[in-house]
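Chain and residue survey
Spelled out, the chains give:
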Amino acid sequence: MASASPQAKPSARRLDSLALLISLTCADSGLSRRGMLALLRLRQCQLAIKHGSRGALVKIEPSDVPPLLNLGAVGRDSPLTADFHSLVVLQLIADFPERGTELRALLSARRNGLDLSALAGALWDADGGEEFERASRDHGLDQHLLAGTLWVALKPLYESVASAFTRHVTPPSGGDMCPVCGGPVWARCDGEVICAICESRWSRDLRAHSFLAAEGPQARGVSRLYDAATGHRLIDLETALLAHAFDAGPLIELLQLLDSTH
C-alpha cells in the first residue's frame, strides 16, 4: 500500500518559489497573463490535492521490471479520483467563468453515470481514446476538456504514489523512459533525469546525446536544451529549483484550450 500524501502543507514561501519557477519555465508557453495566473493556481490546486489526500491508501502491485508501477490502475482504483477531478474543475470555473457551462457539464455528467474511474484507467490504454470519445458523445461533453481535466487531476496522485514508492525502492538506473511509470524525461538536475509524469528521478547517462541550447532568451537556472539529432528537448535545472519543479506541459495545453477565443 502506498500513501498518496506529502508530509507538510505547502507554505506561502513555497508558493512564492513556485510562482518564480513557473515564470522561469513557462514564460514562452504562449499563455496570456490570465492564463499564467491560472497556471499558478492550478498547480497550487494540485499541491492542495496532494496534501488533502493524506492517509488515502492506494493498493499497488509493483512489477518486477520497469515500469514498476501501473499508474492506470492507481487512478482507476483510487477512491478519491472523482473528488480530485471536481476540485480541478471548480478551480477552472473560477478562473474561466465564461467556460462555466462546459466545465459544469463535466460535474453534472458524473452525477448521471459518467465513470471517471474507468476513464482514469483508459488514460493509459492504447485504445483509451475510443473510450473517451464514447463517454464524451454519450454525455454531450468536450472530449479534450474531459481528458485534460482528468489528467491534470490525477497527476498529483501519480506524483504522491511514486514518491511514496521510491522512498522504499530505488529506481534502476539507465533507460530513456521512467523506470517507475514509463513516462518520458522532461528535465535533468544534478546528474539525474526527471519524469514528466510522476516526477521520479533516476540516473541516466546523457553524454551520448548532443544537447545544445535552444534558440531565444534563456532564464538563469532553467536552461532549455535540445538534441539536434533526435529533436528531444529537456530543461536543465539548477538544484535550488528542484524542490518546486514539475512538468507543466499538460496544464498548459488545457489552459490554452480554455483561454482560446471561444
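Description of the structure in this document. A quick note: this is a predicted structure, and the numbers were derived from the prediction, not measured. (Residues numbered from 1 in each chain as written. Predicted model: local features only at pLDDT ≥ 70, side-chain atom pairs only at ≥ 80, totals over all residues. Heavy atoms only, no water.)

To continue, consider the environment of Arg-110. The topology assignment puts Arg-110 in helix H5 (residues 100–111). Residue Arg-110 is classed as partly exposed on the basis of its relative accessible area, which comes to 29%. Residues Arg-110 and His-139, 29 residues apart in the sequence, show an inter-C-alpha distance of 9.2 Å. Leaving out residues up to four positions away in the same chain, Arg-110 has contacts with Ala-82, Ser-86 and Leu-116. (Helix = DSSP H or I, 4+ residues; strand = E, 2+ residues; numbered from the N terminus. Buried < 20%, exposed > 50% of the residue type's maximum accessible area, 1.4 Å probe, protein only. Contact = heavy atoms within 4.5 Å.)

This part covers the sheet that holds strand E5 (residues 201–203). An order of E5-E4-E3-E8-E7-E6 is seen for the 6 strands of this open sheet, with the pairing classed as mixed. Two strands lie at the open edges of the sheet, namely E5 and strand E6 (211–213), each paired on one side alone. Put simply, the sheet's adjacent strands are angled 35° from each other on average, direction ignored. (Pairing = 2+ DSSP bridges. Axes fitted to C-alpha atoms, helices over the stretch in contact; angles between N-to-C directions.)

Two quantities define a packed helix pair, namely the angle between the axes and the distance from one axis to the other. One can describe the packing of helix H2 (residues 33–52) onto helix H8 (residues 143–166) by two numbers: an axis separation of 9 Å at closest approach and a directional angle of 45°. Regarding the angle of H2 to H8, the classification is oblique. As H2 runs across H8, the sense of the crossing is right-handed. Touching Leu-42, Arg-43, Gln-46, Ile-49 and Lys-50 of H2 are Val-152, Ala-153, Lys-155, Pro-156, Glu-159 and Ser-160, all from H8. Residues that form the contact of H2 with H8 fall into these classes: 5 nonpolar, 2 polar and 4 charged. (Parallel < 35°, antiparallel > 145°, perpendicular 65-115°, else oblique. Left-handed = near helix turned anticlockwise from the far one by under 90°. Nonpolar A, V, L, I, M, F, W, Y, C, P; charged D, E, K, R; others polar.)

The next point concerns the nonpolar core. As a rule of thumb, soluble globular proteins bury nonpolar side chains together. Judged by nonpolar contacts, the single largest core of 78 residues is most densely connected at Leu-39, Leu-92, Leu-146 and Leu-237. Not counting the four nearest positions on each side in its chain, Leu-92 is found in contact with Leu-42, Leu-103, Thr-149, Leu-254, Leu-255 and Leu-258. (Core = buried A, V, L, I, M, F, W, Y, C linked by side-chain atoms within 4.5 Å.)

The next subject is the side chain of Thr-149. Tracing the chain through its elements places Thr-149 in helix H8. A residue is classified by how much of its surface remains accessible, and Thr-149, at 0% relative accessible area, is buried. For Thr-149, the side chain forms a polar contact with the side chain of His-85, separated by 2.9 Å. Not counting residues up to four positions away in its chain, the partners in contact with Thr-149 are His-85, Val-88, Val-89, Leu-92, Leu-106 and Leu-254. (Polar contact = N/O pair within 3.5 Å; in protein donor to acceptor, adjacent residues only side chain to side chain.)

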